[in-house]
Amino acid sequence: MKTKLPIAIAFLSGLAMVAVFILNPEKVGDMEGELLQWTTVIGGFTLLLGVVSIVRVNWRPVVRRETGWFNNAALLLSVAVMAIPSVLPVSWSPLFGTDGGSMYDWFFINLSAPMMATMFAMLAFYVASAAFRAFRARSAEATLLLLTATVVMLWRVPVGEGLFVAIHSKLPNLINTYVMGGVNVAVQRGIIIGAALGAAATSLRIMLGIERTYMGKT
Amino acid sequence: MRLARPVGLLLLLVLLLIPELLAANGASSVETGWFRTYRINAIIVAAVFSAAVLYYTQRARRGDKLFVRKIAGLDEVEDAVGRATEMGKPVLFIAGIDEIDKIDTLAGLSILGRVALITARYETPLYVPVRYPMVLAAAQEVVQQSYLTEGRADSYNQDMVCYVAGEQFAFTATVNGYMMRERPAANIMMGAFYAESLLLAETGNAAGSIQIAGTAQPEQLPFFIAACDYTLMGEELFAASAYLSHEPLMLGGLKGQDFMKVLIIAAILVGTFMVTTHLGGDWMRSLFEVR
C-alpha cells in the first residue's frame, strides 16, 4: 500500500494533465489552473519544513559555539526579522505584512535585492575566467571554437559590427544567418529534441511506476 | 504483466478519443465538442511514443539484451565518490534549483538516490542543499531510503539534506560558501539550472573539486562544459537514473526514445526535401503544428 498508493496518485495526476491537454476548457472549465493551484497549496504547507530545516541546521553551531557560529546566528536572526513581521496582521501595525512600507518590504528592497544583484553581477567575472579556460586553442576543434566565439562576440558589439560592415556590408547578416541561425540553432534544437524525448520517457516511467527512485524506492 | 492495467487505461483513452478525433473537420482552433481535435497530431505522436517505450520495456522484461552506449560522466560518478572517500571529504549534490513539479528536478532526485547508495556504501559524507521545501521532503526520503537499502541507517543524518534559501542567488551564495569552506572532493549537479550554473561550477572548479554536471537547459550547457570535468547534455540527464540502475526494465525506456528519434530524423529529412522542392511543404509543416 505504501508503494502502490503514491504510484496510483502519480499515474492519475499524470493522466489528468494529459486529459487537460486534450479536453476542451469550454466544457470542463479551467482544470489546468485548478490542478496547478493544488500544487501551490501543497507547496505552502511544506514551507514550514524549510523553516524547521534551516533552524535545525543553524541552531546547533550557535549553541555549541562552533567555528563561524556568528554567521549561523546572523542567518537565524535574518530569518526571524524577515519572516515574523511579514506574517503578523497589518491591522496591528503598518510595519507588519508584506505591503509597501512594511519591514519586510524595506529589508527586501534595501538588503536582499542589492545582495542578489551583486551575486548576479559577479557572473561577468566568472564568465571571463571560464572563457579564458574554454577558449584555449589546444586542438583543431578548440581553435575553431575560439575563432567562432571571437567573431560572434565582435559581431555583438557596435564596434565589431562596424568593423565587419567596413569589410563587407553583408558580413554581419552572414554571421547571423549561418553561425547563429544555422549551426547554433541546429545544435540547440538537437539538444532540445533529445531532452524533450527524455523528459517524456521519464514522465511515462514515473506514471507507470517503473521509475520510483524519486520516492525513495531503489 | 504489471504494466497491463495502466497501458490498458492509456489505450482506452486513445480509443475513446478516436471517433471524436476522426470527426474533426477543418481542424479549427475554436472547438465546441469535448475534445480539442486540433491537437490530434500531438496525441498521435504521444501514443506512438508511449507504445514504443512500453514495447521496449516489455522486451526488456522478457530478458532481451539492450545495448546502451557508454556515458562517461555517469561512469565517473562512482570514481568521484571513491575519490571523496580517499580524501575524507564530502560529496556535494545539487538537484537543480527548480520546484519538484519540474521533470529535471525529478530526474536529479532519481540520480541522488543512486549517488546516496554509493556514499552510504563507502560511508562518505554527503551534503544536499535544496531551494524548495517540497524538494527537501522528497530528497530527505530518497537519501534515507538509499542508506536503509545499503544497511547504513545509522550513518544517515537528516541534516545531510537541508533547505538553505528560497532565493536563487541567496541559494547560490550559500552553496558557493560551502564549496570554499569545506572544499568537497566531488560536486554533482543534476537538474534544472539557470543563471547560477556558472557561479556554482566556477566556484567548484576553484575549490579543486571533481565536477559532474547535467542539465536539459541548452543555455546553461556551455557554462557547465567550460567549468566541469564531465557534463551530461539534455537527454543524458533523463537517462542517468536508468543507466546507473543497470535495470533492464528502466533501460527499455531509453530504447523507446531512440526509436522516436529515428522517426523524428526521418520526418526532418522528408520535411526538408518537401519544403525545398515545394512538394507539399506547407502540408508537412501543418502536420507538426501544435496549437
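To be clear, the structure that these remarks concern was listed above.
All values reported here derive from a predicted model rather than from experimental measurement. (Residues numbered from 1 in each chain as written. Chains lettered and ligands numbered in written order. Predicted model: local features only at pLDDT ≥ 70, side-chain atom pairs only at ≥ 80, totals over all residues. Heavy atoms only, no water.)

**Notes on the overall build of chain A**
Using the following cut-off: Numbering of helices and strands runs from the N terminus; a helix is a DSSP stretch of H or I covering at least four residues, while a strand is a stretch of E covering at least two. Both definitions apply: the radius of gyration is a C-alpha atom measure, and the globule rule equals 2.2 Å times residues to the power 0.38. Buried, partly exposed and exposed residues are distinguished by accessible area as a fraction of the type maximum, computed with a 1.4 Å probe on protein chains only: under 20%, between the cut-offs, and over 50%, respectively. By definition in these notes, contact holds between two residues if any of their heavy atoms fall within 4.5 Å. Shrake-Rupley sampling with a 1.4 Å probe provides the accessible areas, and residues are treated as covered by the protein chains on show and by no other component. Counted as positive: Lys and Arg. Counted as negative: Asp and Glu, with His and the chain ends omitted from the count. Lysine's charge is taken at NZ, arginine's at CZ, aspartate's at CG and glutamate's at CD.
Scanning chain A from terminus to terminus reveals nine helices and zero strands. Element order for chain A, N to C, with α for helix and β for strand: α-α-α-α-α-α-α-α-α. Taking 17 Å as the expected radius of gyration for a compact globule of 218 residues, we find that chain A reaches 26 Å, considerably beyond that expectation. Summarising its shape, the C-alpha atoms of chain A cover approximately 70 × 50 × 40 Å along the three principal directions. Residues counted as buried form 28% of the 218 residues belonging to chain A. In chain A, once contacts between residues fewer than 6 apart in sequence are set aside, the share between residues at least 24 apart is 26%. Accessible surface, chain A as shown: approximately 13900 Å² in total, 71% of it carbon and sulfur. Here chain A holds 16 positive side-chain charges and 10 negative ones, and the gap between their average locations is 15 Å.

**Describing the packing of helix α7 (residues 140-156) of chain A against helix α9 (residues 171-207) of chain A**
All names here are of chain A. Stated formally: Axis geometry follows a simple rule: fit a line to the C-alpha atoms, using only the stretch in contact for helices, then measure angles between N-to-C directions, giving values from 0 to 180 degrees. The scheme is simple: roughly parallel for angles under 35 degrees, roughly antiparallel for over 145, roughly perpendicular for 65 to 115, oblique for anything else. The sense of a crossing depends on the near helix, which, turned anticlockwise from the far helix by less than a right angle, makes the crossing left-handed and, turned clockwise, makes it right-handed. Three residue categories are used. Nonpolar comprises Ala, Val, Leu, Ile, Met, Phe, Trp, Tyr, Cys and Pro, charged comprises Asp, Glu, Lys and Arg, and polar comprises the others, including Gly.
Contact geometry for α7 and α9: axes closest at 11 Å, N-to-C directions at 130°. Of the possible angle classes, the one that applies to α7 and α9 is oblique. α7 and α9 meet at a crossing whose hand is left-handed. In this structure, α7 contributes Thr-148, Val-151, Val-152, Trp-155 and Arg-156 to the contact, and α9 contributes Pro-172, Ile-175, Asn-176, Val-179 and Met-180. Its residues assigned to classes, the contact of α7 with α9 shows seven nonpolar, two polar and one charged.

**Things to note about the nonpolar core**
Residues and elements named next belong to chain B. Quick note on the threshold: In plain words, nonpolar cores are sets of buried Ala, Val, Leu, Ile, Met, Phe, Trp, Tyr and Cys residues tied together by side-chain atoms within 4.5 Å.
Within the largest apolar cluster, 56 residues are counted, with the highest numbers of intra-cluster contacts made by Phe-93, Leu-109, Leu-112, Leu-126 and Val-143. Broken down by element, the residue count for this core peaks at ten residues, all from helix α4 (residues 103-122). Non-local contacts of Leu-126, meaning those with residues more than four positions away in its chain, are made with Val-91, Phe-93, Leu-112, Ala-116, Thr-119, Val-143, Tyr-147 and Met-160. Membership of the second largest hydrophobic core comes to 29 residues, among which are Ile-94, Ala-165, Phe-171 and Ala-226.

**Let's talk about the pairing of strand β6 (residues 230-233) of chain B**
Residue and element names in this part refer to chain B. For clarity, the threshold we go by: Should DSSP find at least two bridges between two strands, the strands are regarded as paired. The handedness rule is simple: strands pointing away from the viewer, and a clockwise path from the first strand over the helix to the second, make the crossover right-handed.
Bridge count between strand β5 (residues 210-215) and β6: four bridges; the pairing is parallel. Paired with Thr-215 across the strands is Met-233, a residue of β6. Between β5 and its parallel partner β6, the chain crosses via helix α8 (residues 221-227), and the hand of that crossover is right-handed.

**Quick word on the interface of chain A and chain B**
Let me state the cut-off plainly: Summed over both partners, the accessible area (1.4 Å probe) lost when two parts come together is defined as the buried area. Any carboxyl oxygen of Asp or Glu within 4 Å of a side-chain nitrogen of Lys or Arg constitutes a salt bridge here. Any pair of N or O atoms that falls within 3.5 Å is considered a polar contact. Within protein, one atom must be able to donate a hydrogen and the other to accept it, and sequence-neighbouring residues count only if both atoms are side-chain atoms.
On the chain B side, the residues contacting the 61 residues of chain A number 76 residues. When the two sides are added together, the surface that chain A and chain B hide from each other amounts to roughly 5900 Å², 71% of it contributed by carbon and sulfur. Run the count over chain A and chain B and you get three salt bridges. A salt bridge links B:Glu202 to A:Arg133, with the shortest nitrogen-to-oxygen separation between them at 2.2 Å. Inspection of the region where chain A meets chain B yields 16 residue pairs in polar contact (both at pLDDT 80 or more). The set of elements that each furnish at least two residues to the side of chain A that touches chain B consists of α1 (4-22), α2 (25-28), α3 (31-64), α5 (103-121), α6 (123-134) and α9 of chain A. At 16 residues, α9(A) tops the list of elements feeding residues into the side of chain A that touches chain B. Residues that form the side of chain A that touches chain B fall into these classes: 38 nonpolar, 16 polar and seven charged.

**Some points on the packing of aromatic side chains**
Put simply, the rule is: Stacked, edge-to-face and tilted labels apply to pairs of Phe, Tyr and Trp rings (six-membered ring for Trp) whose centres lie within 6.5 Å, assigned for plane angles under 30 degrees, over 60, and everything in between, in that order. When the NZ atom of lysine or the CZ atom of arginine is within 6 Å of a ring's centre and also within 35 degrees of its normal, the charge is said to sit over that ring.
Counted by the stated rule, this structure contains eight aromatic pairs over all chains. Ring centres 6.1 Å apart and planes at 70° place the aromatic pair A:Trp69 and A:Phe70 in the edge-to-face group. Owing to a relative accessible area of 30%, A:Trp69 belongs among the partly exposed residues under this scheme. Residue classification places A:Phe70 among the exposed positions, given a relative accessible area of 51%. Where A:Trp106 meets A:Phe107, the ring centres are 5.5 Å apart and the plane angle is 80°; that geometry is what we call edge-to-face. Here the guanidinium or amino end of A:Arg65 rests over the ring plane of A:Trp69, the centre of that ring lying 4.4 Å away. We note B:Arg39 situated over the ring of A:Phe21; from NZ or CZ to the ring centre the distance is 4.2 Å.

**Looking at the side chain of B:Gln257**
By the secondary structure assignment, B:Gln257 is in helix α10 (residues 248-276). The contact partners of B:Gln257, leaving out residues within four places of it in the chain, are A:Leu197, A:Gly198, A:Ala201, A:Arg205, B:Phe49 and B:Glu235.

**Re the side chain of A:Glu211**
By the secondary structure assignment, A:Glu211 is in the segment after α9. Despite being buried, A:Glu211 has no salt bridge partner; A:Arg205 is the closest side chain of opposite charge, sitting 4.1 Å away. Within the structure, the side chain of A:Glu211 is placed 3.5 Å from the side chain of B:Ser110, a separation counted as a polar contact. A distance of 3.1 Å separates the side chain of A:Glu211 from the side chain of B:Ser241, its partner in a polar contact.

**A short note on the pattern of salt bridges**
For side chains of opposite charge, pairing can occur when their charged atoms come near one another. Per the stated rule, a full pass over the model turns up twelve salt bridges over all chains. Between A:Glu66 and A:Arg64 there is a salt bridge; the shortest N-O distance is 3.8 Å. On the basis of relative accessibility, which here comes to 34%, the residue A:Glu66 falls in the partly exposed class. A salt bridge links B:Arg59 to B:Asp64; the shortest N-O distance between them is 3.0 Å. In the salt-bridge network here, residues are joined through shared partners; they are A:Arg56, A:Arg60 and B:Asp159.

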